Amino acid sequence: SGAATASGNSGAATASGDYGAATASGNSGAATASGYSGAATASGNSGAATASGDYGAATASGNSGAATASGYSGAATASGNSGAATASGDKSSACAPGRNGKAKGIDGAALFLVYRDSEWNIKHAWAGIVGRDGIKPDTFYALGVDGLPVEVK
């Protein structure tokens, strides 16, 4: 039930116990919550958040951040500009609601994508399941200007 916080630039926070929370709020920070039901948040630019425990949540809210949910039923959200969300755990989900965001997942994972214009107005939203309707596992997708998912590198 511990909590770890790294608020300075290039900091790292790790909460490895059950119900732990890790927060890295500075630029280029890394937050990892590896315990059961942990939450990891990297709110600075280029930060990385990983929730590897079951039911964990990883959020990268800064620009170019990366969020990964590798535990069972975890959720990864990359809400900043050019963020990347990965759902690599069984029954997990990945959400890229930021501008120019992308998401990927394993077979059966849920993906949620948003397309925003240059002023961050939401123009399209899409939800799908990896392995259905042509969505490939372990492949990043972004939402195109037409509101359809497109593969990205």
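Computed from a predicted structure; not experimentally measured.

## A word on the pattern of salt bridges
Across all of its chains, the model carries three salt bridges by this definition. Note that Asp117 is salt-bridged to Lys123, the shortest N-O span being 3.8 Å. Lys136 serves as the salt-bridge partner of Glu151, at 2.7 Å between the closest nitrogen and oxygen. Note that Glu151 is positioned in strand S16 (residues 149-151) and Lys136 in the loop between strand S14 (122-129) and strand S15 (141-143), a separation of 15 residues in sequence. Since its relative accessible area comes to 40%, Lys136 is described here as partly exposed.

## Focus: unusual backbone geometry
In this structure, Ser64 takes a positive phi of about 60° despite not being glycine. Looking at Ser64, the relative accessible area reads 43%, which means it is partly exposed. Positive phi, normally seen in glycine, also occurs at Ser82, with a value near 60°. Here Ser82 lies in the loop between strand S9 (75-78) and strand S10 (84-87).

Cut-off values and rules
Every chain begins its residue count from 1, and numbering advances along the sequence as written. Totals for whole chains, interfaces and linings use all residues, but because this is a predicted model, local features are given only for residues with pLDDT of at least 70 and pairs of side-chain atoms are given and counted only at 80 or more. To get the side-chain values, all heavy atoms of the structure are used, and hydrogens and water are removed first. Between Lys or Arg on one side and Asp or Glu on the other, a salt bridge is scored when a side-chain nitrogen of the former is within 4 Å of a carboxyl oxygen of the latter. Helical segments are the DSSP runs of H or I of at least four residues, strand segments are the runs of E of at least two, and each set is numbered from the N terminus. Whether a residue is buried, partly exposed or exposed follows from its accessible area with a 1.4 Å probe, protein chains only, as a fraction of its type maximum: under 20%, in between, or over 50%, in that order.

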